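In case you want the letters, here they are:
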Amino acid sequence: MRWSKTFIPTVREAPSEAEIISHKLMLRAGMIRMLSAGLYIYLPLGLRVIRKVENIIRGELNKKGGQELLMPILQPRELWEKSGRWNAEELGMLTVENRAGREFVLAPTHEEVITDLVRREIRSYKDLPKNFYQIQTKFRDELRPRFGLMRAKEFIMKDSYGFDVDEESAGKTYHGMEEAYRNIFKRCGLHTQVVEADPGAMGGGMSHEFMAVADVGEDVIVCCSKCGYAANKEAVAKNSSVKEGKPCPECGEPLETRHGIEVGQIFNLGTKYSKSMGAAFLDAGGEEKLCVMGCFGIGVTRTVSAVIEQNHDENGIIWPPGISPYRILILPVNITDAPSMDLMEKTYEKLLNSGMEVLLDDRDVRAGIKFKDADLIGIPLRITIGQEKAKSGIVEIKNRRTGEQIDCREEELIQKLGGEQWTLKK
RNA sequence: CGGGAUGUAGCGCAGCUUGGUUAGCGCGCUUGCUUCGGGAGCAAGAGGUCGGCGGUUCGAAUCCGCCCAUCCCGACCA
């Protein structure tokens, strides 16, 4: 993609409404713009990152047998009365009424719809287990939206719903999802702590939260830096021996207090919804049983914020390669120099043909601006084409994270980029 | 929803205390010339219902009231 053809409106100063680093950097890097409090437009660069995260999620969930579908955002009131959640204050539901006076909810979550589907379509143990998921916009009528994409009224969420024949099978699903989540967040370049959690409005039994450790996190967790043990606030409240300074229950090291951003949560729901919604099946003995359910969520847009909180420096974002909007940025220093332009086009073509996602900064602006913007938007690798070295067909490759830089002949580029030192870890 | 703060050009801000010709500055934007490897210089421009409504006054960005918006703390929450 040529920078001049896309739309990446970078700005030097972030609007004053932005408080935390990820919000400021997303605004400055031209990833998002605010429409109203808690409502954001995802610009081309921001959307590319979101899509990357979504695709990592798809890959890992599909490996676990997840089946993607898509459910309506607008849902009738009756469905929510059936589950007993129409007045569930803590869900922050946004309701609307149509011209005929019929009431709907802009879905904050989809247990009702998916369980209703399963109730009608699944009748035999032979149809189970099933694991459905979708990635779509969710609504929460947040009274106080905050921190950009961290807490928005409208956000993108991945939600999975598991249906199993019994607790044992549901437990396997649960642990499978836990494993998938670990892989997903790792591939997104996010350092997370898994903590035991309170199921809250979801109900049911066991629940774990995936916390991205960050100073701006709204949640407090107590964890052990040595063995990785971690517990959230509710768990700490229940057990007075788990707090800062006390020995870790697993290894005895002193526990520490940290802040976390909740990027994912998994729930074992038991039969709460299958009972209220009537999702039953016949087992091998011909006996009617209720599906044992689980639900599993990932805040996609929040994950993007969390990644930036964990991956930036004073100059801007440093994308983990797996979710970077582009893998490589080509930066020609002087676009009026013919040899530089030849080399630039050749390099661009070659990288595109090799399947790389390349952003070409072909803008007619001073080099300093390009360098600053390059650091700001944080593409992992930068190829600089300078006037002098271009004469002999040499480009510079620079690593955004480490700052290391090498010269490379254009012909050897593909080979070098595939080499170990440019395959960024972390 | 309780407490606090802010609202002046696309962005960042000054002016308001003590009302007084035509509302300023920096960045950005347009044009020209010179520059050109880390956010250039000079020159000439464009861009404003001073958040909105009402009030006080000869006169309001400035004082008063109500409303709206945005942000922070709290409660609540993927």
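These numbers were taken from a predicted model, which means no experiment stands behind them.

(A) Focus on the protein's contact with RNA strand B. Around RNA strand B, a shell composed of 39 residues is seen, among which S16, R144, R151, D375 and G386 lie nearest. Taken together, the sugar and phosphate atoms account for 46% of what RNA strand B places within 4 Å of the protein. Between RNA strand B and the protein, one listed contact pairs a sugar or linking oxygen with a side-chain N or O atom of E13 at 3.1 Å. Contact between RNA strand B and R382: a base oxygen at 3.0 Å from a side-chain N or O atom of the residue. Within the residue set of the surface near RNA strand B, elements represented by two or more residues are β13 (256–270), α10 (367–377), β21 (381–385) and β22 (394–399). Counting residues per element, the surface near RNA strand B draws most heavily on α10, at seven residues.

(B) Spatial organisation of the packing of helix α2 (residues 44–63) against helix α5 (residues 167–187). Contact geometry for α2 and α5: axes closest at 9 Å, N-to-C directions at 150°. In this view, α2 runs roughly antiparallel relative to α5, as classed from their interaxial angle. Handedness of the crossing formed by α2 with α5: right-handed. When α2 is examined against α5, the residues I56, I57, E60 and L61 are found in contact with a partner set consisting of M177, A180, N183, I184 and R187. Of the residues that constitute the contact of α2 with α5, the class distribution is six nonpolar, one polar and two charged.

(C) Representation of the pairing of strand β19 (residues 328–332) in the model. Counting buried residues in β19 gives five out of five residues, a clear majority hidden from the surface. Here β19 pairs with β21 via five bridges, running parallel. Paired with I330 across the strands is I383, a residue of β21.

(D) Here's a closer look at the packing of helix α1 (residues 21–28) against helix α8 (residues 300–310). The N-to-C vectors of α1 and α8 enclose an angle of 100°; their axes lie 8 Å apart at closest approach. Classified by the angle their axes make, α1 and α8 are roughly perpendicular. For the pair formed by α1 and α8, the contact residues are I21, S22, L25 and M26 on the first element and V304, S305, I308 and E309 on the second. The residue inventory of the contact of α1 with α8, partitioned by class, reads five nonpolar, two polar and one charged.

(E) Looking closely at the pattern of salt bridges. Across all of its chains, the model carries 32 salt bridges by this definition. Linking E60 and K63 is a salt bridge whose minimum nitrogen-to-oxygen distance equals 3.3 Å. On the criterion of helical spacing, the pair formed by E60 and K63 is a turn pair, its members being three residues apart in helix α2. Take E60: its relative accessible area is 4%, and that puts it in the buried class. A relative accessible area of 61% places K63 in the exposed class. The partner of D361 in a salt bridge is R363, with the nearest N and O atoms 2.8 Å apart. Since its relative accessible area comes to 15%, R363 is described here as buried.

Scoring rules and cut-offs
- Residues numbered from 1 in each chain as written.
- Chains lettered and ligands numbered in written order.
- Predicted model: local features only at pLDDT ≥ 70, side-chain atom pairs only at ≥ 80, totals over all residues.
- Heavy atoms only, no water.
- Near = heavy atom within 4 Å.
- Polar contact = N/O pair within 3.5 Å; in protein donor to acceptor, adjacent residues only side chain to side chain.
- Helix = DSSP H or I, 4+ residues; strand = E, 2+ residues; numbered from the N terminus.
- Axes fitted to C-alpha atoms, helices over the stretch in contact; angles between N-to-C directions.
- Parallel < 35°, antiparallel > 145°, perpendicular 65-115°, else oblique.
- Left-handed = near helix turned anticlockwise from the far one by under 90°.
- Contact = heavy atoms within 4.5 Å.
- Nonpolar A, V, L, I, M, F, W, Y, C, P; charged D, E, K, R; others polar.
- Buried < 20%, exposed > 50% of the residue type's maximum accessible area, 1.4 Å probe, protein only.
- Pairing = 2+ DSSP bridges.
- Salt bridge = Lys/Arg side-chain N within 4 Å of Asp/Glu carboxyl O.

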